[in-house]
Amino acid sequence: MRAAKVPRSIVAGPYGHPFHPVAVTIPIGAWSSSLVFDLLGLAVDDPRAFATGSRWLIAIGLGGAVGASALGLLDFSRIPKGTPARRTALAHLVLNVTAMVLFSLSLLLRLSDRGRVPGAAFLLSVVASAGLSVSGWLGGKLAYRWGVRVADEHTQREGFEQR
């Protein structure tokens, strides 16, 4: 269990403060914003500006997801095989990769029709976002329930001692 709390490399973040949870804010924020832009683009007479913004946000999210994935793989590699935490992390990984593929397909569809938000591209983004929500819940379970890459209780206790 101790191994899952210690970083594989300093690139993953120092002990008790992993970089993966920080990095995921980029794709989650960009992709969530792209859905808002999609909805606005579907509601207005001239959707071009919103369609353009959504394409950019999806591309930014994909770039951020690559970085977050690399950091997540470093953390994943420290979780012992055959454990519930490892199986949960694998489901988290699969859902995130699926979301990346779906957002990539959505972006490709959007590039073929730049003047509006294509319905199929919007649907792909909605499905990807739903999977991303489940994946986020699983990531929270890994960190907050099982303490993957969270400092041990002795270290945590230091923050609650009165001086």
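Residues numbered from 1 in each chain as written. Predicted model: local features only at pLDDT ≥ 70, side-chain atom pairs only at ≥ 80, totals over all residues. Heavy atoms only, no water.

### Concerning the overall build of the chain
Check the secondary structure of the chain and you find 6 helices and 0 strands. The secondary structure elements of the chain, listed N-terminal to C-terminal, are α-α-α-α-α-α. Counting every position in the chain, which comprises 163 residues, the buried fraction comes to 39%. When the accessible surface of the chain is summed, it comes to about 9,300 Å², and 68% of that surface belongs to carbon and sulfur atoms. Here the chain contributes 17 positively and 9 negatively charged side chains, and the mean placements of these two sets differ by 9 Å. (Helix = DSSP H or I, 4+ residues; strand = E, 2+ residues; numbered from the N terminus. Buried < 20%, exposed > 50% of the residue type's maximum accessible area, 1.4 Å probe, protein only. Areas by Shrake-Rupley, 256 points an atom, 1.4 Å probe, with all protein chains shown as cover. Lys, Arg positive; Asp, Glu negative; His and termini not counted. Charge placed at Lys NZ, Arg CZ, Asp CG, Glu CD.)

### A few points about the packing of aromatic side chains
With the rule as written, the count across this model stands at 2 aromatic pairs. Here the aromatic rings of Trp31 and Phe103 are separated by 4.2 Å at their centres, their planes lie at 15°, and the arrangement is stacked. Taken as a pair, Trp31 in helix α2 (residues 25–43) and Phe103 in helix α4 (residues 84–111) lie far apart in primary sequence, 72 residues in all. Ring geometry for Phe37 versus Phe50: centroids 5.9 Å apart, planes at 80°, classification edge-to-face. Linking Phe37 in helix α2 with Phe50 in helix α3 (residues 48–76), this pair joins segments that are 13 residues apart in sequence. (Phe/Tyr/Trp six-rings, centres within 6.5 Å; stacked < 30°, edge-to-face > 60°.)

### Observations regarding the environment of Ser106
Along the chain, the position of Ser106 falls in helix α4. If sequence neighbours within four positions are ignored, Ser106 has contacts with Ile58, Ala121, Leu124 and Ser125. (Contact = heavy atoms within 4.5 Å.)

### Considering the nonpolar core
The biggest cluster of nonpolar side chains holds 11 residues, and these are Trp31, Ile58, Leu62, Ala65, Ala99, Met100, Leu102, Phe103, Leu107, Ala128 and Leu132. Listed by contribution, the elements that provide at least two residues to this core are α3, α4 and α5 (119–145). The leading source of residues in this core is α4, at 5 residues. Beyond its immediate sequence surroundings of up to four residues, Ala99 is in contact with Ala128 and Leu132. If you look at the next biggest cluster of nonpolar residues, it comprises 7 residues, including Phe76, Ile79, Ala85 and Leu142. (Core = buried A, V, L, I, M, F, W, Y, C linked by side-chain atoms within 4.5 Å.)

Remember that the coordinates give geometry; whether it matters functionally is a separate question.
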